[in-house]
Every structure is written in C-alpha cells, then in structure tokens.
Amino acid sequence: MPSVPQLIGVPYDASSSFLRGSAAAPPLIRQALHSPAGNKFTERGADLSRLADAGDLELTDDPGNARVAIQAGIELSLKNGFTPIALGGDHSITYPIMRAIAQKHRGVTILHIDAHGDLYDEFEGDRFSHACPFARIMEEELCGRLVQVGIRTLTPHQREQIARFNVDTIEMQHFAGGARPRVSGPVYLSIDLDGLDPAFAPGVSHREPGGLSVRDVLQMIHGLGGPIVGADVVEFNPAQDVGNLTASVAAKIAREIAGSIILA
C-alpha cells in the first residue's frame, strides 16, 4: 500500500541565533500549499488529496521540553502509519525528529540541503542550537550516512567535524561545477530554505547569496534513488519574506516531497 504523507507543524525557534521568527511559519506554508491559485496535483501527477495533516505541535520555548514533544509528535505519526513532513521552525528540530525516525528506520541516508553545515559541536554555548543538530545526529548514529548539498559558509571547525563524522559534503562551489549527490536506499530529507539563493527564498534569518535554485532542489527530490521515510522544511522566517515568495517556495518543496512519498 502506498505511503501516506502527513504534515506536522513544528512552531519552534527558541534555539535560533541572530534572528527568531520561524516559529510563525507552519500556518503560512499551509496557506500557500492550499492556495486556490494552484491545484491538488504535483508535477509528477501525485494526487495531494491523500495528504494528511496533524496540525501544529503545542510547544513552549523551553528547549528540553520542546525536544521531547517534537520527538513524541513524530513517533505518533510513524506509529499511525504516516510518513511525516515537518514544517519548521528552526533547524534544531531535526535532531529530535531523527531520534524518532531512527527507532523505525535504522541506517537511513539524510540528504541535507543548506547554506550552513549545522555541525558545530556547540554554538554560543548551546549544544542544541540550530547550528548543531547534525553533530548530535552523527554522535548518536541516528543515520547511516549524511549528505550535504549547497553548503557555502564552512569554518575550520566545521571542516574538522565533516572529517570526524565522514560527512559527504557538496559545497555550493562544487555543485556549481557539476557535482551532484548520489543517494540510494531509504532517505530522510532536511531542507533549510537558506540553502536556496535569497533571490528565490528571501524569507530566511540567515541570507547567504550564491545558492541553489528552486529547480535544483526539486530535481534532487525527484531524482532520489530510494523511498522518503520523513522530511523537514525549516528556517522560513515570515518576518523577512517578500510578497509571500518564500512561503510559496516552502509549499512547493513540501508538495513535491509529499508527491514523491505518494508515488513511491
């Protein structure tokens, strides 16, 4: 039986640095997703009338409590037979999500699209910052392989972390030169919208010019060599958006992920 994708809003941004605001994103992504300007079909013909929606998790700004609640929300989605698509929220949410995913799907590949490596051992004294989720994920062996695409802000420490955890990192300069990820088997998608060039997604807290196009991201989603076991779309900050452009981009990405789950 085909998998049924389920949206789960994760309105949490208390682990953000520089600017907060992504906690307000989930309702606006939904609004764009269900806009009467479009229809219920994806580019490859999947019928999104099968897309389920669990609503938003009830979260506080307490990081520890939020992580527990996020993990529990994803566990419930998986227990009920859904494939969760989390609408963030800042990127720190990927760590508790993967703690839930790993209980059901061991050794998955994470395809991580981002301008930043998010591999800091700690950032500004916080080991659970949105700059650190993949360090925690790799330490706890919550995935079999981490593949990063679009990275363009690496520091010496993050390069050390890439070597330490044996991460497959395709920096943006190499993607522009033709390098592409090769992903097979079960995959978890983690898409930080600042991985896209700000021309396509200005509504993020950490704009970094020189990034991916929307089509680049969609081609990676459509070209996956294995089933999607879960996903998150994070770091949309509505306060920084221009003409709801980033909301539309986030919705487009979420709908094509959902379509790939349905068609698998």
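Just above sits the structure.
Draft legend 1. View of the overall build of the protein chain. Along the protein chain, the regular secondary structure elements total eight helices and eight strands. The C-alpha radius of gyration computed for the protein chain amounts to 16 Å, which stays within 12% of the reference 18 Å derived for 264 residues, consistent with globular compactness. Here the C-alpha coordinates of the protein chain stretch approximately 45 × 40 × 35 Å along the principal axes. Across the 264 residues of the protein chain, 57% fall into the buried class. In the protein chain, once contacts between residues fewer than 6 apart in sequence are set aside, the share between residues at least 24 apart is 77%. A total of about 10600 Å² of accessible surface is found on the protein chain, and carbon and sulfur atoms cover 51% of it. Separation between the mean location of the 22 positive side-chain charges and that of the 31 negative ones in the protein chain comes to 7 Å.

Draft legend 2. View of the sheet that holds strand 4 (residues 109–113). Strand order in the open sheet formed by eight strands is 2-1-3-8-7-4-5-6, with parallel pairing between adjacent strands. Either end of the sheet is taken by a strand with one partner, and the two such strands are strand 2 (52–56) and strand 6 (168–171). Between one strand and the next, the sheet's axes are offset by a mean angle of 15 degrees, whatever the strand orientation. Note: strand 7 (residues 187–192) against strand 8 (residues 228–234), six bridges, orientation parallel. Counterpart to leucine 189 in the pairing with strand 8 is alanine 231.

Draft legend 3. Local environment of the environment of glycine 185. Looking at where glycine 185 falls in the secondary structure, it is placed in the loop between helix 6 (172–176) and strand 7. For the pair glycine 185 and isoleucine 228, spaced 43 residues apart in sequence, the C-alpha to C-alpha distance is 8.8 Å. Excluding its chain neighbours within four sequence positions, the residues that come into contact with glycine 185 are Gly225, Gly226 and Pro227.

So, how was this worked out
- Residues numbered from 1 in each chain as written.
- Predicted model: local features only at pLDDT ≥ 70, side-chain atom pairs only at ≥ 80, totals over all residues.
- Heavy atoms only, no water.
- Helix = DSSP H or I, 4+ residues; strand = E, 2+ residues; numbered from the N terminus.
- Rg over C-alpha atoms; globule rule 2.2 N^0.38 Å.
- Buried < 20%, exposed > 50% of the residue type's maximum accessible area, 1.4 Å probe, protein only.
- Contact = heavy atoms within 4.5 Å.
- Areas by Shrake-Rupley, 256 points an atom, 1.4 Å probe, with all protein chains shown as cover.
- Lys, Arg positive; Asp, Glu negative; His and termini not counted.
- Charge placed at Lys NZ, Arg CZ, Asp CG, Glu CD.
- Pairing = 2+ DSSP bridges.
- Axes fitted to C-alpha atoms, helices over the stretch in contact; angles between N-to-C directions.

Coordinates in, geometry out; function isn't part of it.
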